[in-house]
Amino acid sequence: GLLYEEKEKHKDTTNRLACVIAQKEIVGRMMKDISLEHTAVVAEKQRLINSSHREQKKLSAENDSLRHELEQCKREIGDLKEASASEILNYQAALADAEESLENASAKYKKEIEQEHTNRVRAIHAVLDKMQKIKHRYNDRVAAIETKSKTDLENEKK
């Protein structure tokens, strides 16, 4: 009788231990998944930053080119001060066109950069929301495991 009860208690304890070990493995896999997603988010963030830097360099080069064109027009106007009034007016119109195209290009590129930034921020928020959901699932699972363990202990005491 007493030996049988001890064997049953040992078997019950062994089963509970196996259950806890299995739950620990599940939690471990969930932690690994969260870690992998975090690594992916960090890599995506770096990719977006690098992409943004490349785009800024490209836009800067285009702005420099337009600025150089503008400076060249200004120098040509200076050289033509002694030319006829009509020639000066033609060069002034060319300068105005160059300045206008520089302003238009700057405004266009600014809008494009702002839109790209908005899209990237949305993408990062989407990934962060996904990670938050995984974290909540993980916390819910841990809470469920703790509740079950407490319930099992209370039942065992009874």
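Up top is the structure these notes are about.
Here is a short report on the structure shown in this document. (Residues numbered from 1 in each chain as written. Predicted model: local features only at pLDDT ≥ 70, side-chain atom pairs only at ≥ 80, totals over all residues. Heavy atoms only, no water.)

### Some words on the overall build of the protein chain
Across its full length, the protein chain holds two helices and zero strands. Rg of the C-alpha trace for the protein chain: 35 Å, well past the compact-globule value of 15 Å for 158 residues, more than 25% over. Across its three principal directions, the C-alpha atoms of the protein chain cover 125 × 20 × 10 Å. Looking at the 158 residues of the protein chain, the share that counts as buried comes to 13%. Look at the contacts in the protein chain between residues 6 or more apart in sequence, and 79% of them connect residues 24 or more apart. Counting every atom, the protein chain has about 12,600 Å² of accessible surface; 56% of that belongs to carbon and sulfur. Looking at charge distribution, the protein chain has the averaged site of its 30 positive side-chain charges lying 11 Å from that of its 30 negative ones. (Helix = DSSP H or I, 4+ residues; strand = E, 2+ residues; numbered from the N terminus. Rg over C-alpha atoms; globule rule 2.2 N^0.38 Å. Buried < 20%, exposed > 50% of the residue type's maximum accessible area, 1.4 Å probe, protein only. Contact = heavy atoms within 4.5 Å. Areas by Shrake-Rupley, 256 points an atom, 1.4 Å probe, with all protein chains shown as cover. Lys, Arg positive; Asp, Glu negative; His and termini not counted. Charge placed at Lys NZ, Arg CZ, Asp CG, Glu CD.)

### Quick notes on the nonpolar core
Soluble, globular proteins show a tendency: their nonpolar side chains are buried together. If you look at the biggest cluster of nonpolar residues, it comprises 10 residues: Leu59, Leu66, Leu70, Cys73, Ile77, Leu95, Ala98, Leu102, Ala105 and Tyr109. Every element with two or more residues in this core is listed here: helix H1 (2-79) and helix H2 (85-157). Excluding anything up to four places from it in sequence, isoleucine 77 contacts Tyr91, Gln92 and Leu95. (Core = buried A, V, L, I, M, F, W, Y, C linked by side-chain atoms within 4.5 Å.)

### What to know about the pattern of salt bridges
Within this structure, the stated rule accounts for nine salt bridges. Across the salt bridge formed by lysine 11 and glutamate 8, the nearest N and O atoms sit 3.5 Å from each other. Linking lysine 11 with glutamate 8, this pair stays in helix H1, spanning three residues, or about one helical turn. The exposure class assigned to lysine 11 is partly exposed, which follows from its relative accessible area of 47%. Accessibility expressed as a relative area gives 31% for glutamate 8, which makes it partly exposed. Residue arginine 67 pairs with aspartate 64 through a salt bridge whose shortest N-O separation is 3.3 Å. One end of the pair, arginine 67, and the other, aspartate 64, are both in helix H1, three residues apart, so they sit about a helical turn from each other. Owing to a relative accessible area of 41%, arginine 67 belongs among the partly exposed residues under this scheme. (Salt bridge = Lys/Arg side-chain N within 4 Å of Asp/Glu carboxyl O.)

### Observations concerning H1
With 78 residues, H1 extends 115 Å from end C-alpha to end C-alpha; this agrees with the ideal 116 Å at 1.5 Å per step. Three or more residues of H1 are buried, namely Gln23, Val27, Met30, Val41, Leu48, Ser51, Leu59, Leu66, Leu70, Cys73 and Ile77. (Expected span 1.5 Å × (residues − 1).)

### Concerning the environment of isoleucine 49
You can see isoleucine 49 is positioned in helix H1. Of the residues examined, isoleucine 49 reaches a relative accessible area of 34% and is grouped as partly exposed. Here the alpha-carbon distance between isoleucine 49 and arginine 120, two residues 71 residues apart in the chain, equals 9.4 Å.

### A word on the layout of surface pockets
By volume, the largest pocket is sized at about 210 Å³. For the largest pocket, the lining is made up of 13 residues, of which Leu48, Ser52, Glu116, His117 and Arg120 are closest to its centre. Secondary-structure elements contributing two or more residues to the lining of the largest pocket are H1 and H2. Take the lining of the largest pocket: its biggest share by element is seven residues, from H2. Its residues assigned to classes, the lining of the largest pocket comprises five nonpolar, four polar and four charged. (1 Å grid on protein atoms, 1.4 Å probe; cavity = no way out; pocket = protein on both sides within 12 Å on 5 of 7 lines; lining within 4 Å. Points joined across faces, edges and corners; volume = space filled by probe spheres on them. Nonpolar A, V, L, I, M, F, W, Y, C, P; charged D, E, K, R; others polar.)

These values are about where atoms sit, not about what they do.
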